[in-house]
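Chains, contacts and geometry: an overview
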Amino acid sequence: MGDLRRTKYCGELSVKDAGSRVVLMGWVNRHRDFGDLIFIDLRDRTGIVQVVCESGGSREAFERAKRVKPEYVLAVVGTCQKRAPGKENPNMATGEVEVIASEIRILNAAKTPPFPIRDEAEADETLRLKYRYLDLRRLPMQRNLELRHKASMVIRNYLSSRGFWEIETPMMTRSTPEGARDYLVPSRLEPGKFYALAQSPQLFKQLLMVSGIDRYFQLARCFRDEDLRADRQPEFTQIDIEMSFVDEEMIFELVEGMVRALWKEVLGVELATPFPRITYREAIARYGSDKPDTRFGMEIRDITDVVKNSNFGVFRDTAASGGTVSAICVPGYAKATRHELDSLSLRAKALGAKGLVFISYLSGEVRSAVKKYLSEAEMTGIKDATGAKEGDLVVIAAGPIDLTVSVLGRIRLDLGARLGLIPEGRYNFLWVTQFPLLARNQETGEWEAAHHPFTSPVLEDIEGQDFSDEAKARIRARSYDLVLNGVELASGSIRIHRRDLQEKVFSLLGLSPEEAREKFGFLLDAFEYGAPPHGGIAFGLDRFVMMMAGASTIRDVIAFPKTARAACLLTDAPSRVREEQLRELGISVTKDKALVSGENSDQNDR
RNA sequence: GGAGGCGUGGUGUAGCUGGUCUAACAUACGUGCCUGUCACGCACGAGAUCGCGGGUUCGAAUCCCGUCGCCUCCGCCA
């Protein structure tokens, strides 16, 4: 670029710059060659501006413009000019002006890209990931990265202004038995031993509270070796927060302030606080989900009492065996075709329900396969309980409570989306509180901590000595999730800081003092030296930014994401390593595993 | 671990109830023409054997089996 220095970004030019000399640096987005007149759309991260070269103008600039191709890197010297009347382009942010080139330097040529660098027309994601650096040239992707940067800055500034210190904690740490599968890092100095990449800074942030740090936060990279989803990557970023001498209300107030600041400063949207709250039990009962989407109604209604004595065997038996008969009312869907109802039933069965019962409130006629079994009073009872009106469809499921409401909850979401009942452009934040403290592991049948083993129970729930399974299931935790439009954004709890309470919880988990010591010894040690009451929360930053950007996958707000098989298509990670590296670590790869991975990764071989 | 979807010139798609498919369309690419375009236009040209392997068949992009990759969901993971 020689002695040239950029004076303006492409997207910044406006009529205010008319008449002034500008120096631009950027990529050729498109060029239109009319023989004696050439237009070049020059692009940088701020936007695109039109550069004009005429054969009657600078000869050298014109000759260079002739040779230009898409994605060439140029320096353009010229005069910004208001476009002639009728020549403006209202579809372009800089469409009122253009730059008459007096000098063009080709700073670098470029091969024809493997896919067009355009805002719209998305290429196959495999290609986009392989050539991520080209994909990221697209303005919408740059907007996402910019949004993410701004969000991080707002968060840092907000938390700092509230007295929080950003402190880094180890990424290489000790493997703990709880939670997700660990990514392991072999130790060279102690062959056979391993570090684990941190799943979260959980234990360290609690130790910092013991240290008297009082208020800590970190934008922390976390690693979990579990299967991926549209909103899950093997490495992701948490906004991790912990503070001392707090209760739930103080955490809620802090977080609401942070989210308000984010929405205002990044999106220009004013949010109402405090956010609504709902207990876990109520969320499950009303929405069949612990992360309800409250942007639309169609809540679940329990109609067990209405039909428990009916002549319909399924309802009667379910009620008698302690199950539930529950229903949702789908507005305006009485006209659903037989086929549509069948596919709903199929979906319900796939989710584990026995089936569905429908009641259609057509004009002047109520249609249902179970009408003949139900009394007038029972039919009226159902209509009243569900609030069904003419034109509505009532969907009923019967069975064990947990399963039944969760199936109805899914059906509710499916139908809400399919029938367009979910309003766009709304941000329904919701606190879900008091999750169960314990949950049964599906495979082993053992009781485990639902959140993590240092979560404080609601004290009144663990008074007394009744530790039956039923009593265990009823113990509530002082935990909370922040939900936005049905997506879980954050999760946290008030922690246990007293030894007697911790021991009680360990015993509920079936952990002997010796086992507890072996697993969490260093934390328990620390807690004996004066741990303050404390609590915190952790946000999924990627999901947060995804919601703000209106993206449908977390990958669109991560610069270099991995595929569903946790591979990086750009660098071809994971890759094999040299035999020598393994030997140094005292590691040998089992034959059967190596064979499989060898066949899968032939591209890695060179 | 399971279920489903997709894989065709550089890119995006059509074809896929087997045979004029000797693979079509758009766009990008190359050459030429054009002084007001902004998805510039026009003309000409080059470019894929249909992810890979096997099978059925006289004949396979098309049917079957296997396999690889990408995506979505369940399990898993907060």
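Starting afresh in each chain, residues are numbered from 1 along the sequence in its written order. As they are written, the chains are lettered A onward and the ligands numbered 1 onward, keeping that order. Confidence filtering applies because this is a predicted model: local features only for residues at pLDDT of at least 70, side-chain atom pairs given and counted only at 80 or more, and all residues used for totals across whole chains, interfaces and linings. Processing note: side-chain calculations cover all non-hydrogen atoms of the structure and skip hydrogens and water entirely.

**A closer look at the overall build of chain A**
For clarity, the threshold we go by: Working definition: helices are DSSP H or I runs of at least four residues, strands are E runs of at least two. Numbering for both runs from the N terminus. Residue burial is assigned from relative accessible area. The probe radius is 1.4 Å, only protein chains are included, and a residue is buried under 20% of its type maximum, exposed over 50%, and partly exposed in between. Contacts are assigned to residue pairs that have any heavy atoms within 4.5 Å of one another. Note on areas: Shrake-Rupley, 1.4 Å probe, and residue coverage restricted to the protein chains presented here. Note on charges: Lys and Arg go in the positive column, Asp and Glu in the negative column, and His and the chain ends are not counted at all. Lys charges are placed at NZ, Arg charges at CZ, Asp charges at CG and Glu charges at CD.
What chain A contains, in helices and strands, is 18 helices and 23 strands. Oriented by its inertia axes, the alpha-carbon framework of chain A measures out at about 95 × 75 × 55 Å. The buried share of chain A, reckoned over its 606 residues, is 46%. Long-range pairs, those at least 24 residues apart, make up 68% of the contacts in chain A with a sequence separation of at least 6. For chain A, the accessible surface area stands at approximately 31300 Å², while carbon and sulfur atoms represent 50% of it. Within chain A, one finds 85 positive and 88 negative side-chain charges whose respective centroids are separated by 4 Å.

**Things to note about the side chain of Arg 555**
Worth spelling out the cut-off: N or O atoms within 3.5 Å of each other form a polar contact, as long as, within protein, one can give a hydrogen and the other can take it, and as long as residues adjacent in sequence are counted only when both atoms are side-chain atoms.
Along the chain, the position of Arg 555 falls in the loop between α16 (541–549) and α17 (579–585). When its relative accessible area of 18% is taken as the criterion, Arg 555 is described as buried. Within the local environment of Arg 555, its side chain forms a polar contact with the side chain of Glu 125, the two groups lying 2.6 Å apart.

**Quick look at the pairing of strand β17 (residues 393–399)**
Along β17, 7 of the 7 residues are buried, which leaves the element largely enclosed by surrounding structure. Here β17 shows two buried faces, one formed by Leu 393, Val 395, Ala 397 and Gly 399 and the other by Val 394, Ile 396 and Ala 398.

**Focus: the UniProt feature "site: Important for tRNA non-discrimination" (unreviewed entry) in chain A**
Going by this rule: UniProt positions are given in the numbering used here, feature names are shortened, and annotations may be inferred rather than shown by experiment.
Here, the residues flagged by UniProt with the feature "site: Important for tRNA non-discrimination" (unreviewed entry) are Gly 86. Secondary-structure assignment places Gly 86 in the loop between β4 (73–82) and β5 (97–108). We classify Gly 86 as exposed; its relative accessible area is 68%.

**Examining the sheet that holds β5**
Heads up, the rule is: Should DSSP find at least two bridges between two strands, the strands are taken to pair. Axes, fitted as lines to C-alpha atoms, cover a helix only where it is in contact. Angles between the N-to-C directions of the axes lie from 0 to 180 degrees.
What the 5 strands build is a closed barrel, ordered β1-β2-β3-β5-β4; its pairing is mixed. For this sheet, the mean inter-axis angle between neighbouring strands, taken without regard to orientation, is 55°. As defined by bridge partners, β4 adjoins β5 across 10 bridges and the pair is classed as antiparallel. Bridge pairing in β5 links Val 73 to Asn 108.

**A short note on the side chain of Thr 563**
Tracing the chain through its elements places Thr 563 in the loop between α16 and α17. Relative accessible area serves as the criterion here: at 18%, Thr 563 is assigned to the buried category. For Thr 563, the residues in contact, after removing those within four places along its chain, are Leu 129, Leu 228 and Leu 569.

**Considerations on the nonpolar core**
Here is the rule we go by: Buried residues of nine kinds, namely Ala, Val, Leu, Ile, Met, Phe, Trp, Tyr and Cys, make up a nonpolar core once their side-chain atoms join them within 4.5 Å.
Counting 44 residues, the largest nonpolar core has Leu 159, Ile 239, Ile 241 and Phe 539 as the members making the most contacts within it. The greatest single-element share of this core, amounting to 10 residues, is contributed by helix α6 (residues 248–267).

**Examining the sheet that holds strand β21 (residues 479–484)**
The 8 strands are arranged β6-β10-β11-β23-β22-β21-β18-β12 in an open sheet whose pairing can be described as mixed. Of all strands in the sheet, those bounded by a partner on one side alone are β6 (165–166) and β12 (277–279). Looking at chain direction, β6 and strand β10 (residues 215–223) are connected through 2 bridges and run parallel. Counted as the bridge partner of Trp 165 is Tyr 216 from β10. Lying on the sheet, helix α4 (residues 139–161) is in contact with β6, β10 and β11 (235–244); it crosses β10 at an angle near 150°.

**Quick notes on the pairing of β4**
Most of β4 is tucked away, with 7 of its 10 residues classed as buried. Here strand β1 (residues 21–33) pairs with β4 via 7 bridges, running antiparallel. Of the residues in β4, the one forming a bridge with Met 25 is Ala 75.

**What to know about the pattern of salt bridges**
Condition: Salt bridges are defined by distance alone: a side-chain nitrogen of Lys or Arg within 4 Å of a carboxyl oxygen of Asp or Glu.
One pass over the full model with this rule turns up 50 salt bridges. With a shortest N-O distance of 3.4 Å, Lys 8 and Asp 17 are connected by a salt bridge. Under the relative-accessibility criterion, Lys 8 is labelled partly exposed at 25%. The exposure class of Asp 17 is buried, given its relative accessible area of 10%. Its salt-bridge partner being Glu 190, residue Lys 193 comes within 2.9 Å of it at the nearest N-O pair. A residue is classified by how much of its surface remains accessible, and Glu 190, at 41% relative accessible area, is partly exposed.

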